[in-house]
Amino acid sequence: MHPHVKKLLELQKVDQEISSLTKDIDSLPAEEAKRRKRLDELERIAAEKRARMTKADLDSRALDKAVMGSDEEIKKLNERLNMVRNNAEYQATLFQIEAVRKDRDVTQEECLKLLESIEELRKEVAVADEAAAGERKIFEGFLAEANKLRASRAGAVGEVRQRRKVMSEGVPQDLLNEYEALYKTRDRQAVSPVDNNYCQGCYNKITLNDTARLMGGSSVVRCNSCERILYLPR
Ligand SMILES: [Zn+2]
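Residues numbered from 1 in each chain as written. Predicted model: local features only at pLDDT ≥ 70, side-chain atom pairs only at ≥ 80, totals over all residues.

Asker: Pulling in residues and values, what's your account of the domain arrangement of the chain?
Answerer: Looking at the assigned domains, one finds that the chain contains domain 1 (21-167) and domain 2 (173-231). A C-alpha centroid distance of 62 Å is found between domain 1 and domain 2. (Domains from an automatic or database assignment.)

Structure follows, in structure tokens:
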């Protein structure tokens, strides 16, 4: 076997070991992002409901103030009623009082409706807050578990990575790059055995010429179909 291929084969065993050690850890960032998105959405809904409640509260205060203003105005008009000197003026003031009262009643009706809606919103805010708080608790639990898992693997992974670094010494950088790219794209098998003239990575037949080169052991041979680096198992 070509000495570089021999090294790559050993490297592949170590890489497969790292892969199985980090398989669950590798999926953590995606899982975290997914959970964070769900939490953000629930918090956004709660904040939006709270903002609506705050606005309704401000609006109802403004309406209440307007009602009080109208009451004040009606009071003044009633006082004027006692001082008018003729019937025409009296009738006009009465008419004015009636108009202000009508407006006042409409405003008060609006204010009452708003107060009712605030009660509903208050309930919705409580439900949304509870949902967000529950999700946050779950999310924090997940983060703690994830960190625990990472910490527990850190030693083992570090040890294997160190071993890997030593093993890859002596392999030309471009071959190493080729191997690493294949490892990622060929389902963690960059170096593949040949059995009975068939590449065991893709099960396609290799040429007689390639078989001869493999037996010679002096060149790096690749599968024509899947591009994996080939070797002949003893
Ligand atoms: Zn192949």
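Asker: An account of the packing of helix α1 (residues 3-26) against helix α3 (residues 87-167) is requested, with residue identities and associated values reported.
Answerer: Where α1 meets α3, the closest approach of the two axes is 10 Å, and the angle between their N-to-C directions is 170 degrees. Looking at the two axes, α1 sits roughly antiparallel to α3. Here α1 contributes Lys7, Glu10, Leu11, Val14, Asp15, Glu17, Ile18, Leu21, Thr22, Asp24 and Ile25 to the contact with α3, which in turn contributes Leu149, Arg150, Arg153, Ala156, Val157, Val160, Arg161, Arg163, Arg164 and Met167. Considering only residue class, the contact of α1 with α3 consists of 10 nonpolar, 1 polar and 10 charged. (Axes fitted to C-alpha atoms, helices over the stretch in contact; angles between N-to-C directions. Helix = DSSP H or I, 4+ residues; strand = E, 2+ residues; numbered from the N terminus. Parallel < 35°, antiparallel > 145°, perpendicular 65-115°, else oblique. Contact = placed C-beta atoms within 7 Å. Nonpolar A, V, L, I, M, F, W, Y, C, P; charged D, E, K, R; others polar.)

Asker: Describe in detail unusual backbone geometry, supporting the description with residues and values.
Answerer: Phi at Asp187 takes a positive value of approximately 55 degrees, unusual for a residue other than glycine. Relative to the helices and strands, Asp187 is located in the loop between α4 (173-185) and β1 (191-195). In this structure, Tyr203 takes a positive phi of about 65 degrees despite not being glycine. When you line up the elements, Tyr203 lands in the loop between β2 (198-199) and α5 (208-216).

Asker: Tell me about α4, and name the residues and values.
Answerer: Across its 13 residues, α4 extends 18 Å between first and last C-alpha, which sits within 8% of the 18 Å expected from 1.5 Å per residue. Among the residues of α4, Tyr179, Leu182 and Tyr183 are the ones counted as buried. All buried residues of α4 lie within an arc of 105 degrees about the axis, which places them on one face of the element. More than 90 degrees from the buried face of α4, the exposed residues found are Gln173, Asp174, Asn177, Ala181, Lys184 and Thr185. Where the residues of α4 are buried, they touch α1 and β3 (229-231). (Expected span 1.5 Å × (residues − 1). Buried ≥ 20, exposed ≤ 12 C-beta atoms within 10 Å, placed from the backbone. Arc of directions from axis to C-beta.)

Asker: Quick rundown of the pairing of β1? Include the residues and the values.
Answerer: Sheet topology note: the β1/β3 ladder contains 3 bridges and is parallel. Note that in β3 the partner of Ser192 across the bridge is Leu230. The sheet contact formed by β1 and β2 spans 2 bridges and is antiparallel. Opposite Asp195, over in β2, you have Tyr198 as the bridge partner. Count of turn residues in the β1/β2 antiparallel hairpin: 2 residues, of which Asn196 carries a positive phi of about 55 degrees. (Pairing = 2+ DSSP bridges.)

Asker: Describe in detail the nonpolar core, supporting the description with residues and values.
Answerer: Core analysis: the largest hydrophobic core is formed by 16 residues, its most contacted members being Val5, Leu8, Tyr179, Ala190, Val191, Ile229 and Leu230. Of all the secondary structure elements, the ones that give two or more residues to this core are α1, α4, β1 and β3. In this structure Tyr179 touches Leu8, Ala190 and Ile229, once residues within four positions along its chain are discounted. (Core = buried A, V, L, I, M, F, W, Y, C linked by C-beta atoms within 7 Å.)

Asker: I'd like a description of the packing of helix α2 (residues 28-81) against α3, backed by residues and values.
Answerer: Orientation of α2 relative to α3, taken along the N-to-C sense of each, is 160 degrees, at an axis distance of 6 Å. One finds that α2 runs roughly antiparallel with respect to α3. Between α2 and α3 lies a crossing whose hand is left-handed. Its residues assigned to classes, the contact of α2 with α3 shows 28 nonpolar, 8 polar and 23 charged. (Left-handed = near helix turned anticlockwise from the far one by under 90°.)

Asker: Before we move on, can you summarise the sheet that holds β2 with the specific residues and values?
Answerer: Sheet strands associate in pairs through backbone hydrogen bonding, adopting either a parallel or an antiparallel arrangement. Across the sheet, which stays open at both edges, the 3 strands sit in the order β2-β1-β3 with mixed pairing between neighbours. The sheet is open, and its two borders are formed by β2 and β3, each paired with just one other strand.

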